[in-house]
Amino acid sequence: MTDHTADSPDNWRSFTFFALIALLVVRVVFNAASPLDLYADEAQYWRWGHTLDWGYYSKPPMIAWIIHAFTAVFGNAEWAIRLPAAFLHTIGAFIIYFLGRDMYGARTGMFASIGYALMPAVILSSAIISTDGVLMPFWCAALWALWRLRSGTGSWASAIGLGAAVGLGFLSKYAMVYFLIGTALILIIDADSRRALLTWKGLAALLTGLTIFAPHLAWNAANDFKTVSHTVDNANLGGDLLNPEHALTFLVDQLGVFGPISFLALIFGVFVMRTQDQGIMGRDRWLLCFILPVLLIILAQAVLSRANANWAATAYPGASVLVAAWLTRARPNRSLWYWIAGICFTAFLFAPDMSLIAKLAIGTVTALSILGFDHIVKHAPSGLLWTSLTLHTVLAISFMTIALLPASTSTALGFDNALKRTRGWEQTAEQVFSRAQDIGATAVLVDEREVWHGLDYYARERATPLISWRRYAGPKSFSESVPLEGPMAQRVLVVSKHASMRPRLRGDFQTFESLGDITIPLGTRSNGCPIVRRFQLYLGTGYQPQARTQEWEDRYDGQSEFEAPPCPAKDD
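Residues numbered from 1 in each chain as written. Predicted model: local features only at pLDDT ≥ 70, side-chain atom pairs only at ≥ 80, totals over all residues. Heavy atoms only, no water.

A. Main features of the sheet that holds strand β3 (residues 492–496). Taken in spatial order, the five strands line up as β2-β1-β3-β5-β4 in an open sheet, and their pairing is mixed. The open sheet has two edge strands, β2 (466–468) and β4 (509–524), and neither has a second partner. Strand-to-strand twist across the sheet, computed as the mean angle between neighbouring axes with direction ignored, equals 25°. Strands in contact with helix α23 (residues 425–439) are β1 (443–446), β2, β3, β4 and β5 (530–543); relative to β4, the strand with the most contacts, it is inclined by about 155°. (Pairing = 2+ DSSP bridges. Helix = DSSP H or I, 4+ residues; strand = E, 2+ residues; numbered from the N terminus. Axes fitted to C-alpha atoms, helices over the stretch in contact; angles between N-to-C directions. Contact = heavy atoms within 4.5 Å.)

B. Local environment of the state of the cysteines. For the coordinates displayed, the defined rule picks out one disulfide. Across a sulfur-sulfur distance of 2.0 Å, cysteine 529 and cysteine 567 are joined as a disulfide pair. Note on the cysteine 529 and cysteine 567 pair: the S-S dihedral is about -100°, so by sign convention the disulfide is left-handed. Of the two residues, cysteine 529 is situated in the loop between β4 and β5 and cysteine 567 in the segment after α26 (550–555); the sequence distance between them amounts to 38 residues. By relative accessible area, which is 35% here, cysteine 567 ends up partly exposed. Residue cysteine 289 stays outside any disulfide, its sulfur separated by 17 Å from that of cysteine 140, the closest cysteine. Classification of cysteine 289 by relative accessible area gives buried; the value is 7%. (Disulfide = S-S within 2.5 Å. Buried < 20%, exposed > 50% of the residue type's maximum accessible area, 1.4 Å probe, protein only.)

C. Focus on the packing of aromatic side chains. With the rule as written, the count across this model stands at 28 aromatic pairs. An angle of 75° between the planes, with centres 5.7 Å apart, marks the rings of phenylalanine 17 and tyrosine 97 as edge-to-face. Here the residue phenylalanine 17 occupies a position in helix α1 (residues 9–33), and tyrosine 97 occupies one in helix α4 (residues 78–104), the gap between them amounting to 80 residues. Centroid distance phenylalanine 98 to tryptophan 144: 5.2 Å. Interplanar angle 20°. Geometry classified as stacked. Of this pair, phenylalanine 98 sits in helix α4 while tryptophan 144 sits in helix α7 (residues 131–151); the two residues are 46 residues apart in sequence, bridging distant segments of the chain. Take tryptophan 144: its relative accessible area is 23%, and that puts it in the partly exposed class. An aromatic cluster is built from Phe17, Phe94, Tyr97, Phe98 and Trp144, whose rings are joined through pairwise contacts. A cation over a ring is seen here: arginine 460 above tyrosine 457, with NZ or CZ 4.2 Å from the ring centre. Sitting over the ring of tryptophan 425, arginine 533 keeps its end group 3.7 Å from the ring centre. (Phe/Tyr/Trp six-rings, centres within 6.5 Å; stacked < 30°, edge-to-face > 60°. Lys NZ or Arg CZ within 6 Å of the ring centre and 35° of its normal.)

What follows is the structure in structure tokens.
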């Protein structure tokens, strides 16, 4: 596709709105048809939604509120729990169109909006319910409201909207703090932003945000700041504080989050995009204040400890606009196309959960497709935007197809390992609670939070209590909120996933009788090894937990029980 569409704001707006609505319909239909089970975090958020509060163990409350609202209307099926995700990202994409239009024109707004909606991370996040998906529309709204104030087109409504978006963003995920960092930077470097924010309107925005966020702060204060402490624990800065190899992993991951062409264009643009128009340069720098700090902070976190690929997600609404603006105004450049094609091919070799043949095939097709588009558009960088949209559309179709087709297809393509967390939970729950009923168990005890959440949702009609074993003196996750005590502890079915935990579990009971195991098949790895969810079962009585001391930890160090033998893997 080339840029022969009539360059009219109305045409770009109409095309954008049609594309976003069509994409929303596709996502809602896919969500209704998806056979994928809830994964553990989704099940956790669903459970929170049963009790409305101003905060929860590890996250602010917005995701639980939204799930509560949708399940109150549509019931507790997986599709109802996930339904908000597609709408939230669509709202974010619409807002990005208006932000891009106001900053650089309707054509840039179109590329930015659809580019965001088809970003690989958004493709995945629209099919699940996550705090990132809940945060994004508020982040996008805050960016747009702030720009309207800065540009002088925003009224008091924009000021109140800015404060509301920031406050609601903090109620969605603490990553909204990066927005405050970006705002502090624009106050330093941008005179127009200072004139807009150091006013009564800026004060109104601040007070609105604080008013919305204050009840959550009060809840945290009344609950030992456990949401905040969990977020600090997530940083995991207590181990080795220098892991330079993690930097490369993080950067490769961002190719899969933002998209390979988009992320590489962002990196190239930071170093080479300049213009004599100081107004446009000011806009570029303004957006970079909401992009680079996020990427650099999470990169540093990765080097110091670890960083999940999605932790930098808030960089990409602004980056969607900036990359679209850069590529639509850049001059033809053959070298840029070849560099991007070559790096994309190389990056696919680092993709996880795929065989080497699949990596080579996908990398080759992607690189050749980029070069093919290059020939069609005669090296115009704006063609990279169409190339990226096409590539991401193919990715979205592939993702939905793999999820909907029989498991044998994903096995043949080597994707079973990527899907294992969303498979087999209904079978697991059925077998576990059937055994619990057979032996007259007074409780089921598990030794992993993911298992607790999976069983909690898929055995939601259970009569037998489900308890998560506490390895430490106090609860370390929401699943451990209820202790095993009283009548529940009389006759316990212990469902153990971890071989190294079983000696510790045994030490907490007076009797600990092996009852065999449960094995749930989840597919096959690309190397031929089966993927299973395996549990050892025990009947425990006389529960008397030992003191969780360092001596207790040392006593069981290196011990395990019923450890699964390694798979005699085939060569890839």
